[in-house]
Amino acid sequence: MITRAGLVVAALVALGTTACGGAGEGAHTRAPAKDASTKNEPARAQDPVLVCADTRESVPADQIARIEIQGARVPQELCTRVKHGIGRPLDDQRVDDDVRALYADGRVEDIIVLREEGARTVLVYSVRMRPPIVTFEIQGADPSGALPAGVVLERPEVADPGIVRAMTSDATREMRGAGYLHATVDFEMTPREGGVALVLRVAPGPRAIVRAVRFEGPSSDRARELSASMRTTAGKPLERQALERDVLVIQADGYDKGRLTTTVAEPELVESDGGAAVEIVLRVNEGPVFRLGKVSFEGDLIGPVKTYERDFWTSKPGAIFSRTVVATDIERIRAFHESRGSIVDVNPSVELDAAHEKVDVKVRIEQRR
Amino acid sequence: MSPARITTTFLLAFGAMVAGSTPVRAEPVRRVVVDRIVAVVDREVITLVELRRRAAPLLRKLASVDEASRTMAETHMYRDLVNQMVEERLIARRARMSSIVVTASEIDAALDSLAQANHLSREALLVEVRAAGVSEADYRDDLRRQLLLFKCLRLHLAGKKVSGEMNDAQMQEASRAMMEEIKRDVFVEVRL
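This one's a predicted model, so the numbers in the text were calculated from it and none came from an experiment.

### Details of the overall build of chain A
Scanning chain A for helices and strands turns up 7 helices and 14 strands. Within chain A, contacts between residues separated by at least 24 positions form 59% of all contacts whose residues are at least 6 apart in sequence.

Okay, structure coming up:
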């Protein structure tokens, strides 16, 4: 796995070459998907100017006398997002905060802030507003307009490729999670009179039905036992969330049966029938069964160690380790302390002795300060 | 480097951003770009002010370069820096989604580890850092970003078949693959 040495090398590179060194080849940004707007074009000279603040008197040249927002279709309320004051020198950080606040409005696509130095110094927020969505169409939905997996695609107010991409990515993820393994949702924005036409294209593809769940590693009896605890079963549609839960359940079951080195690899999906059927391969390495070795208690104890061992710790040395039993014992200790007016954190740490297949547990009790 | 020089560089590097936007006013005015959006990552922006701040130590290094090559070097530096900042935002986004954080004590531990690797005390390492024109706060920030990348990478590799320890080339490849995966679902636009 990754070593600390790797980190050290990376940090040294950063130290030696400063910020650019760690970047490697740098990000390869892609153009927005069929975005209808024109980039890097500030507001035009004839665009209207909205005056947000004006001293209406002469102020020294190093102070801002007036603040404007320039651009077409700029709503009046945008001024409330500009916090830079008048009658004071230019504050870069405040301007930067304003740029973020204006962009966060969602309707602003681009901003350039200019300082106009003439008889009076004017701070101009030159903005380009996003065009409105004038037509919205979803292609690929069933005749009733419904989409698979209960996915809902709502019409955005303005042509914001960031929002539309987030929406289509979420929809794709939801559909794939519900078993539509090859689902795609794409979009296209086209300039139209008065705004932009947005088309979303949904291609769900077939929904995968689980043909079989196959275990690699455990015995056939154990595989049957594990299968019984799973929600993913043959004959039903594949549900990613259920499969993720199943992996955790298998792992937890191992921990409760003393198999503390249990690992479950990411499930492999073997598709057939063009994605309409899927076989799930679960590779489980359960390892040996560990038994409890020494148990010790330390920290802010409020009674003799024997009391903790006798009254609260039910797992005895030699017994098969069970995480659930240990968790219950820990809860018992916490409740005991609470009944005596002491709120504590009880943190167990384990040390595996692989050669003897034993696990020592150290229980640290810490009073909350 | 004076603010005027930075402004000139940006006008050269990014084209005449304000051309055509001269307002109709009676008196002659000079328009100076104070800030602008240089990149968008998902719903967040990277601004010129932020970029200039990050570029300051790099510009100090370039000050010794001759005038003719400096403009070109600065243009490349800004482009690389924006791309790097975009990747950092993507990593930060992934970390937020996966509830990954970097604590102050982890940064301290990384500092100590670096100092030890260079046979220095932490204080001596920070003296070297400051001598290189980087403040302690910026250096800690840099370490925090690297640790965040490291943790995201570890999460990315969890469940994948990785045999033994990875060498630097494998780590870089894994990092590249992770960035590609992260970018797939995120809107990224650089406006240089």
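### A few points about the overall build of chain B
Assigned secondary structure in chain B consists of 7 helices and 3 strands. The N-to-C order of helical and strand elements in chain B reads α-β-β-α-α-α-α-α-α-β. Taken across its 192 residues, chain B has 28% of its residues classed as buried. Nonlocal contacts in chain B, meaning residues at least 24 apart in sequence, comprise 67% of its contacts between residues at least 6 apart.

### Let's talk about the sheet that holds strand β5 (residues 133-139) of chain A
Backbone hydrogen bonds are what pair the strands of a sheet, in a parallel or an antiparallel way. All names here are of chain A. Judged by pairing direction, the sheet is mixed, and its 3 strands sit side by side in the order β5-β7-β6 without closing on themselves. The two strands at the open ends of the sheet, each matched to only one other strand, are β5 and β6 (184-192). For this sheet, the mean angle separating the axes of adjacent strands, direction not counted, is 15°. Bridge count between β6 and strand β7 (residues 195-203): 9 bridges; the pairing is antiparallel. From the neighbouring strand, Thr190 faces β7, where its bridge partner is Ala197.

### Digging into the pairing of strand β2 (residues 44-47) of chain B
The side chains of a regular strand alternate, residue by residue, between the two faces of the sheet. Here strand β1 (residues 30-41) of chain B pairs with β2(B) via 4 bridges, running antiparallel. In the sheet register, Val41(B) faces β2(B), and the bridge partner there is Glu44(B).

### Some words on helix α3 (residues 161-177) of chain A
Residues and elements named next belong to chain A. For α3, which comprises 17 residues, the first-to-last C-alpha distance of 24 Å matches the rise-based estimate of 24 Å (1.5 Å per residue) to within 8%. Among all positions in α3, only Pro161, Gly162, Val164, Arg165, Thr168, Ala171, Thr172 and Met175 are buried. Positive phi shows up at Gly179, right after α3, with a value of about 105°.

### Points about the confidence of the model for chain B
Residue and element names in this part refer to chain B. Overall, the prediction assigns chain B a mean pLDDT of 82, with 82% of residues at 70 or greater. Least confident of the elements in chain B is helix α1 (residues 3-14), whose mean pLDDT is 36; most confident is β2, at 96. In the predicted structure, residues 1-25 sits below a pLDDT of 50 and forms 34 contacts with residues beyond four places in sequence or in another chain.

### What about the nonpolar core?
Core analysis: the largest hydrophobic core is formed by 54 residues, its most contacted members being Ile111(A), Val113(A), Ala39(B), Val82(B) and Val86(B). The element that contributes the greatest number of residues to this core is helix α3 (residues 67-97) of chain B, accounting for 8 residues. Once residues within four sequence positions are removed from consideration, Val82(B) is found in contact with Val38(B), Ala39(B), Ile46(B), Leu51(B), Val190(B) and Leu192(B). Of all hydrophobic cores here, the second largest spans 28 residues; its members include Val151(A), Met189(A), Val264(A) and Ile280(A).

### Description of the environment of Phe136(A)
Residues and elements named next belong to chain A. When you line up the elements, Phe136 lands in strand β5. Overall, the presence of 14 C-beta atoms within 10 Å leaves Phe136 in the partly exposed class. With residues near it in sequence (within four places) discarded, Phe136 still touches Arg155 and Leu198.

### Things to note about the packing of α3(B) against helix α6 (residues 136-157) of chain B
All names here are of chain B. Direction vectors running N to C along α3 and α6 enclose 55°, while the axes themselves pass 10 Å from each other. Between α3 and α6, the angle falls in the class oblique. Crossing angle aside, the handedness with which α3 passes α6 is left-handed. Contacts between α3 and α6 involve Glu88, Ile91, Ala92, Arg94 and Ala95 from the first element and Arg145, Leu148, Leu149 and Cys152 from the second. Residue composition of the contact of α3 with α6, by class: 6 nonpolar, no polar and 3 charged.

### Some remarks on the sheet that holds strand β12 (residues 291-299) of chain A
Residue and element names in this part refer to chain A. In space, the 3 strands of this open sheet follow the order β12-β14-β13, with mixed pairing throughout. The strands lining the two open edges of the sheet, one partner per strand, are β12 and β13 (344-353). Between one strand axis and the next, the sheet turns through 20° on average, direction left out of account. Against the sheet, helix α7 (residues 323-339) engages β13 and β14 (358-367), with an angle of about 150° to β13.

### Here we look at the packing of helix α2 (residues 48-62) of chain B against α3(B)
Residues and elements named next belong to chain B. As a packed pair, α2 and α3 sit with axes 10 Å apart at the nearest point and diverge in direction by 140°. It follows that α2 is oblique to α3 by the angle criterion. Between α2 and α3 lies a crossing whose hand is right-handed. On the side of α2, the interface is formed by Leu51, Arg54, Ala55, Leu58 and Leu62, while α3 contributes Arg70, Ala73, Glu74, Met77, Tyr78, Leu81, Val82 and Met85.

### Brief notes about unusual backbone geometry
Of all residues except glycine, most have a negative phi; of all peptide bonds, most are trans. One non-glycine residue, Arg56(A), lies in the positive phi region at around 60°. When you line up the elements, Arg56(A) lands in the loop between β1 (49-54) and β2 (64-70). C-beta crowding within 10 Å serves as the criterion here: with 9 such atoms nearby, Arg56(A) is assigned to the exposed category. Even without a glycine there, the phi angle at His119(B) is positive, about 55°. Take His119(B): it is sitting in the loop between α4 (104-117) and α5 (122-131). Owing to 8 C-beta atoms within 10 Å, His119(B) belongs among the exposed residues under this scheme.

### Some points on helix α5 (residues 240-256) of chain A
Residues and elements named next belong to chain A. With 17 residues, α5 should reach 24 Å at 1.5 Å per residue; the first-to-last C-alpha distance of 24 Å fits that figure. Among the residues of α5, those classed as buried are Leu243, Asp246, Ile250 and Gly254. Viewed end-on, α5 has its buried residues packed into an arc of 75°, placing them on one side of the element. Exposed side of α5, more than 90 degrees from the buried face: Gln241 and Leu248 are the residues found there. The first or second residue beyond α5 is Gly258, which carries a positive phi of 80°.

The rules behind these values
- Residues numbered from 1 in each chain as written.
- Chains lettered and ligands numbered in written order.
- Predicted model: local features only at pLDDT ≥ 70, side-chain atom pairs only at ≥ 80, totals over all residues.
- Helix = DSSP H or I, 4+ residues; strand = E, 2+ residues; numbered from the N terminus.
- Contact = placed C-beta atoms within 7 Å.
- Buried ≥ 20, exposed ≤ 12 C-beta atoms within 10 Å, placed from the backbone.
- Pairing = 2+ DSSP bridges.
- Axes fitted to C-alpha atoms, helices over the stretch in contact; angles between N-to-C directions.
- Expected span 1.5 Å × (residues − 1).
- pLDDT = per-residue confidence, 0-100.
- Core = buried A, V, L, I, M, F, W, Y, C linked by C-beta atoms within 7 Å.
- Parallel < 35°, antiparallel > 145°, perpendicular 65-115°, else oblique.
- Left-handed = near helix turned anticlockwise from the far one by under 90°.
- Nonpolar A, V, L, I, M, F, W, Y, C, P; charged D, E, K, R; others polar.
- Arc of directions from axis to C-beta.

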